[in-house]
Amino acid sequence: IIPALLGILTIPLMYLAGREFDDRNTGIIAAAAVAFSPFLVFYSQEARAYSMMLFFITAAMFFYFRALKSNAVGDWAAFGLLSALAFWSHFYAMVIIGALGVYALFYLFPKFKNDLNSLKPLAVGSVLFVLICLPLILVTIQLFAKRTESAPTFGIQGPEIIFATFQQISGSEIALYLLLILFIAGIVKAFMMDMNKGILLVTLTVLTFVISYFLSYRIPMQPRYLIFLAIVFFIAVALSYRLVYSWLSTPGVV
């Protein structure tokens, strides 16, 4: 029951994250995509940690989007706490958390140069994350060293992990090609609206796949480890509505 409840609760969280990233319509479409994704429905029915990780990462990203705008201590602290819970749920959450951290430093760097005090809210969130995860970080490092002593005996390796992840999130090969078109259209629209939004979506996607590509030759890699990529994928897909909306301005588009 716990994975099912967390999977259901991720739907409204996805709406909030999409709305915070862009607007209400983006939130509605992204939430609908989460609700009907066969991949996410499947892992909401398994007694594993994947729906829990997705739940905490989605909540963390909601506060992350708020924090980028407000740079408030409360938002960064909530992001740090929820990211820590996601990492405790599954070790691979560290990939998306690291990518979010890299982008935050890039985005806020101009503020840091002019005022070092503006670094404090992000520092609070980072320290909170490290304090909560310190025992787990040490165990993860030891486990990673043990698992990488020899080549993986199962899993997907190399570029195939990218295709397999998108295909499983989409649900079928036909849906994959349709959603990939909308995904690319959404990223293009993000760059047209606000370059920083486009850079964020590209950064999270590219860093996740680059890290996963290299790790696939060291540890067994499965698309389910990248379940959090559904957040980025569906937000970009949802953004594509704006392109259609510019040609056909009607609520029916949503």
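Reading the values: rules and limits
Sequence order sets the numbering: in each chain, residues are counted from 1 along the sequence as written. Two thresholds apply to this predicted model, a pLDDT of at least 70 for residue-level local features and 80 or more for giving and counting side-chain atom pairs, whereas whole-chain, interface and lining totals are computed over all residues. Note that the side-chain values use all heavy atoms of the structure and ignore hydrogens as well as water. Between Lys or Arg on one side and Asp or Glu on the other, a salt bridge is scored when a side-chain nitrogen of the former is within 4 Å of a carboxyl oxygen of the latter. Secondary structure elements are taken from DSSP: a helix is a run of H or I of four residues or more, a strand is a run of E of two residues or more, and numbering for both begins at the N terminus. Relative accessibility under 20% of the residue-type maximum defines a buried residue, over 50% an exposed one, and the middle range a partly exposed one, all with a 1.4 Å probe and only protein chains included. Throughout this description, the term nonpolar core refers to a set of buried Ala, Val, Leu, Ile, Met, Phe, Trp, Tyr and Cys residues connected via side-chain atoms within 4.5 Å. What makes two residues a contact is simply this: any of their non-hydrogen atoms within 4.5 Å. Lines fitted to C-alpha atoms define the axes, with helix axes restricted to the stretch in contact, and inter-axis angles between N-to-C directions lie between 0 and 180 degrees. Just so you know how the angles are binned, under 35 degrees is roughly parallel, over 145 roughly antiparallel, 65 to 115 roughly perpendicular, and the rest oblique. By definition, turning the near helix anticlockwise from the far helix through less than a right angle yields a left-handed crossing, and turning it clockwise yields a right-handed one. The term polar contact refers here to a pair of N or O atoms within 3.5 Å; inside protein, the definition further demands a hydrogen-donor-capable atom paired with an acceptor-capable atom, and it admits residues adjacent in sequence only when both atoms are side-chain atoms. Each patch is built from residues lacking any salt bridge and having more than 30% relative accessible area; the joining distance is 9 Å for like charges and 5 Å for nonpolar side chains (Val, Leu, Ile, Met, Phe, Trp, Tyr). Exposure was quantified through the Shrake-Rupley algorithm and a 1.4 Å probe, taking into account, for residues, occlusion by the shown protein chains and nothing else. Centres within 6.5 Å make a pair out of two Phe, Tyr or Trp rings, where for Trp the six-membered ring is used; the pair is then stacked when the planes are under 30 degrees apart, edge-to-face when over 60, and tilted otherwise. In this analysis the charged atom, NZ for Lys or CZ for Arg, is taken to sit over a ring once it is within 6 Å of the ring centre and within 35 degrees of the ring normal. To estimate the expected span of a helix, subtract one from its residue number and multiply by 1.5 Å.

Caption draft 1: Quick look at the pattern of salt bridges. Taken as a whole and judged by the stated rule, the model has six salt bridges. Here lysine 69 ties to glutamate 20 by a salt bridge, and the two come within 3.3 Å at their closest N and O atoms. Residue lysine 69 is found in helix α4 (residues 50-70), and its partner glutamate 20 is found in helix α1 (residues 2-21); the two are separated by 49 residues along the sequence. Lysine 197 is paired through a salt bridge with aspartate 22; the nearest N and O atoms lie 3.7 Å apart. Placement of lysine 197 in helix α10 (residues 195-215) and of aspartate 22 in the loop between α1 and α2 (24-36) is noted, with a sequence separation of 175 residues between them. Judged by its relative accessible area of 18%, lysine 197 is buried. Through salt bridges with shared partners, a single ionic network connects Asp22, Asp23, Lys197 and Arg242.

Caption draft 2: The nonpolar core, seen in detail. Membership of the largest hydrophobic core comes to 79 residues, with the highest contact counts inside it found for Ile57, Tyr64, Trp76 and Leu201. Apart from residues lying up to four places away in sequence, tyrosine 64 is in contact with Trp76, Phe79, Leu100, Tyr103, Ala104 and Leu200.

Caption draft 3: Region of interest: the packing of α1 against helix α11 (residues 229-239). The interhelical angle for the contact between α1 and α11, taken along N-to-C directions, is 55°, at an axis separation of 11 Å. Here α1 lies oblique to α11, going by the angle between them. Between α1 and α11 lies a crossing whose hand is right-handed. Along its contact with α1, which presents Met14, Gly18 and Phe21, the element α11 presents Ala230, Ile231, Phe234, Ile235 and Leu239.

Caption draft 4: Just the side chain of threonine 58, in detail. Assignment of secondary structure puts threonine 58 in helix α4. Here leucine 54 takes part through its backbone oxygen, which lies 2.7 Å from a polar atom of the side chain of threonine 58.

Caption draft 5: Structural view of a nonpolar patch on the surface. Judged by side-chain polarity, Phe191, Met195, Val202, Val206, Val210 and Phe214 come together as a nonpolar surface patch covering roughly 530 Å² of accessible area. For the nonpolar patch, the leading source of residues is α10, giving five residues. Relative to the elements of secondary structure, phenylalanine 191 occurs in helix α9 (residues 173-193). For phenylalanine 191, a relative accessible area of 32% gives the class partly exposed.

Caption draft 6: Summary view of the packing of aromatic side chains. Under the defined criterion, the tally for this structure stands at 26 aromatic pairs. Seen from their ring centres, phenylalanine 62 and phenylalanine 63 are 5.0 Å apart, and the 70° between their planes marks the pair as edge-to-face. When the ring of phenylalanine 91 is compared with that of tyrosine 92, the centres are 5.8 Å apart and the planes differ by 85°; the resulting orientation is edge-to-face. Looking at phenylalanine 91, the relative accessible area reads 28%, which means it is partly exposed. Through a chain of ring-to-ring contacts, the aromatic side chains of Phe39, Phe42, Tyr43, Tyr50, Phe91, Tyr92, Tyr225 and Phe228 assemble into a single cluster. The ring of phenylalanine 21 has lysine 197 sitting right over it, with the charged end atom 5.5 Å from the ring centre.

Caption draft 7: Structural context of α2. If you check α2, its first and last C-alpha atoms are 19 Å apart, about what 13 residues at 1.5 Å a residue would give, namely 18 Å. All buried positions along α2 are accounted for by Asn25, Thr26, Gly27, Ile29, Ala30, Ala31 and Val34. The elements touched by buried residues of α2 are α1, α3 (38-43), α11 and α12 (241-247).

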